[in-house]
Each structure stands twice: as structure tokens, then as C-alpha cells.
Amino acid sequence: MVLISIIVPVYNVEAYLPQCLDSLINQTYQNIEILCVNDGSPDRSGEILREYAARDSRVRVIEQENRGASVARNQGLTVAQGDYIMFVDGDDWIELDTCQRAVEAAKKHNSDVVFWSYVREYEHESKEKLMPLDDETVLRGNEARNMLHRRQLGLVGEELSHPEYADSMVTVWGKLYSRKLLQQSDAKFVDIRKIGTSEDAMFNLEALRGIDTAVYIKQCLYHYRKNNLDSVTTRYKAELSHQWNCLFDMMQEYIKKNQLPASYAQALQNRISLSVLGLGLNIMSAPASGREKISMIKNVISAPRYREAVRTLELCYFPAHWKVFYLCAKWKNAIGVYALLCSINRILRK
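The text that follows walks through the structure, step by step, so that each part is easy to find. For clarity, every value in this text was computed on a predicted model and none was experimentally measured. Positions within a chain are numbered from 1, following the residues in the order the chain's sequence is written. In view of the model being predicted, local features appear only for residues whose pLDDT reaches at least 70, and side-chain atom pairs are presented and counted only at 80 or more, with totals across whole chains, interfaces and linings using the full set of residues. Just so you know, side-chain values use all the structure's heavy atoms and leave hydrogens and water out.

Side note on the packing of helix H11 (residues 262–284) against helix H13 (residues 304–312)
Using the following cut-off: Interaxial angle, 0 to 180 degrees, is taken between N-to-C directions of lines fitted to C-alpha atoms, where a helix line uses only the stretch in contact. Only DSSP runs of H or I with at least four residues qualify as helices, and only runs of E with at least two residues qualify as strands; both kinds are numbered from the N terminus onward. The scheme is simple: roughly parallel for angles under 35 degrees, roughly antiparallel for over 145, roughly perpendicular for 65 to 115, oblique for anything else. Rotating anticlockwise by less than a right angle from the far helix to the near helix defines a left-handed crossing, while the corresponding clockwise rotation defines a right-handed one. Contacts are assigned to residue pairs with any non-hydrogen atoms lying within 4.5 Å of each other. Think of it as three bins: nonpolar holds Ala, Val, Leu, Ile, Met, Phe, Trp, Tyr, Cys and Pro, charged holds Asp, Glu, Lys and Arg, and polar takes everything else, Gly as well.
Their axes nearest at 8 Å, the elements H11 and H13 cross at an angle of 115 degrees. Taken together, the axes of H11 and H13 lie roughly perpendicular to each other. For the pair H11 and H13, the crossing hand works out as left-handed. Mapping the contact onto sequence places Gln266, Gln269, Ile272, Ser273, Ser275, Val276 and Leu279 in H11 and Arg305, Tyr306, Glu308, Ala309, Val310 and Thr312 in H13. Among the residues making up the contact of H11 with H13, the classes are represented as 6 nonpolar, 5 polar and 2 charged.

Below, the structure written as C-alpha cells:
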């Protein structure tokens, strides 16, 4: 039986951590090591980890000062011994047969990566996120690289008809990686404090560069807790625009360094365009008046990087409401963008 290393970054999740750890120690596939990296949690998370480690020898606790999830995951990678690697966040949980199903699919198809659907867990409801693929779809060669590697940068062509899938294949949780693939790429996580978000995408760009075979499991095996809305829609980040510019610079450099096809560059341009929505929602959370927010939105949609990206965006593929939003952005109609963001905010907060 091959060994699976499950890396769990932990910070201030005492209310959810037992459910996460119970879902891991009770896996039907037992040959696992559970590497819990306590990122300087000031709550009882560390105590809970030590209690589980005392009960189950497969649980290993690694302590570090608070340096963020990226550093915690990198720490887990340095000590992982498994033939396969998985990531699970400390406030999420997985189905009890996740490891069993993933490793069986990996061995059956000799795949580098196995990935699966997930459930978004809100306070009062659960929403499945299914990929537009058939169960046990096997992707090989260029198809695997286009579907998984290039998608880390963004959508292209007809993929834009479903912009809600933009990041569905980007997460590192919800995947089983072969150790060999990660060793070949020497992939590491970038500090989220530098790039704001999308540390998973940057990791996967490196990790999946040499991918040959991937397998998709349609069943929802991962439970992604969203009791609170994403931080860019709930708490204003004054530095987010600067951080995302750093992210885009890193992605552009990656494309140039690896001499990737034009589709990669267009995917990044489309990512930059779609980020206008994220930046807009972030602005809506700012402690500012409506007039000030409109001015901030105008600065974003007038910036050369975003102007160029939106100019190349193929609106013909978009659903109608997305098309209206990006037409307003293309025409530099800050008031129209603001009005649409107000409507989006109301929907998100229901």
C-alpha cells in the first residue's frame, strides 16, 4: 500500500478542527500520514492537534511562528514522506473514502494528478461545485496540460461562457499529487502576503508543468467551508491591487521564462479582466462614501493594465449579466460598474 501524506495548515480553527481531523483519521484508506502545521495559532488549535497526535500515531504536529498558510504548506512538503501528497485546510473536511478513491484512480491510470468535485459549505446551505467533465475522465498529454496547467492562468475562448469555473481547478485542496511530479518541479508556495490571493495557482503552475496524465472524479469528496464570504468581499484590503499586480507580474515572467504558447498569455489577460470584479467587490467593502468608491473604481478600470486586458476580452462568450458588467468597464463607466457591484453585493450577502 502506497503512503499518502496529507498536509494540513492550521490557524485559529479550534471550532472546526476536530471535524477536519476526524475525517482524516477515519479514512477507509489507512496508510496515511497527517502532517499538521500549527501556524502560531493563539486559540486552542495547538492543544487539539496534540490531543489527536497522542491518540493516533499517524498525526504529526509541526509548530511554527505565524507566517501564513503558504509557509505552513511548504513546511509540510519538506517533511512529507508519502508516495502521494494531498492538502486539506484545517477548517474543511473530506469524505471518508476520499483517499481510497483517489489512490485507486491514480494507480489504475498511472496518473500524475487526481482531482475531484467539492461542496461549498455555507452557514445554512451546501452547494456542489461540479466540473464540466464526465466521471473518471482521463486527460493525457496536451489535453491535460491545457485543462489543468494553462487553466491556472485563466480561461480562454468558449470557457468564458462559464466564468464561474475560473478557479474551480486552481485549488491545491481537492487534488492528489504524485510525489514524483512535485519532486521534478520542486514547486513551492508563494507567500500570500506578497500576491494577495492565488498562491494555489502559482504553486500549480510549477507543479503541473510536467503533467502527463490526470484523472477527474466527479463525486464531491471535499467540503470547503465558506461560513463567511471570501475575504475580498467582506474585509477591505487596501493593498490588494498592488498585490495582484505583483501576482500578474510573476505570471507574465513565468510565461516568458518557459516560452509558453499564446493561449497562456491570453488566459492571463482574461484573468486580469476578471479580476476587475474582485477588485470592485473589495472596493465595495472600503470604509468610504459612494462617491469615493466610484472614484476608486474609475482608477482601476482606467489603469493601463486593466484597460488593455478588457480590450482583448471576448465578450461574445459571456452570459448577459457578465457582458453588461464588462461593457461598463470597457467604456470606463465607473458609475455603471458601481451600480452593478451594489447589486452583486446584495445577492452575495443574502
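Brief notes about the packing of aromatic side chains
Note the threshold: Ring geometry is summarised as follows: Phe, Tyr and Trp rings, the Trp one being its six-membered ring, pair when their centres sit within 6.5 Å, and such pairs are stacked at plane angles under 30 degrees, edge-to-face over 60 and tilted between the two. Burial classes follow relative accessibility: with a 1.4 Å probe on protein chains only, a residue under 20% of its type's maximum area counts as buried, one over 50% as exposed, and anything between as partly exposed. Whether a charge sits over a ring comes down to the Lys NZ or Arg CZ being within 6 Å of the ring centre and within 35 degrees of the ring normal.
Taken as a whole and assessed by the stated rule, the structure comprises 15 aromatic pairs. Measuring from centroid to centroid gives 5.8 Å for Phe87 and Phe203, while their planes differ by 80 degrees, and the two rings are edge-to-face. Of the two residues, Phe87 sits in strand E4 (residues 84–87) while Phe203 sits in helix H8 (residues 199–207), which places them 116 residues apart along the sequence. Pair check on accessibility: Phe87 and Phe203 agree, each one buried. Measuring from ring centre to ring centre gives 4.9 Å for Tyr118 and Trp173, while their planes differ by 90 degrees; the resulting arrangement is edge-to-face. Taken together, the residues span a long stretch of sequence, with Tyr118 in strand E6 (residues 113–121) and Trp173 in the loop between helix H5 (141–149) and strand E9 (175–178) at a distance of 55 residues. Considered together, Tyr118 and Trp173 belong to a single accessibility category, that of buried residues. One aromatic cluster is present, built from ring pairs that chain together Phe87, Tyr177, Phe189 and Phe203. The aromatic ring of Tyr52 is capped on one face by Arg55, whose charged end is 4.3 Å from the ring centroid. Cation over ring: Lys127 sits above Tyr122, and NZ or CZ is 5.5 Å from the ring centre.

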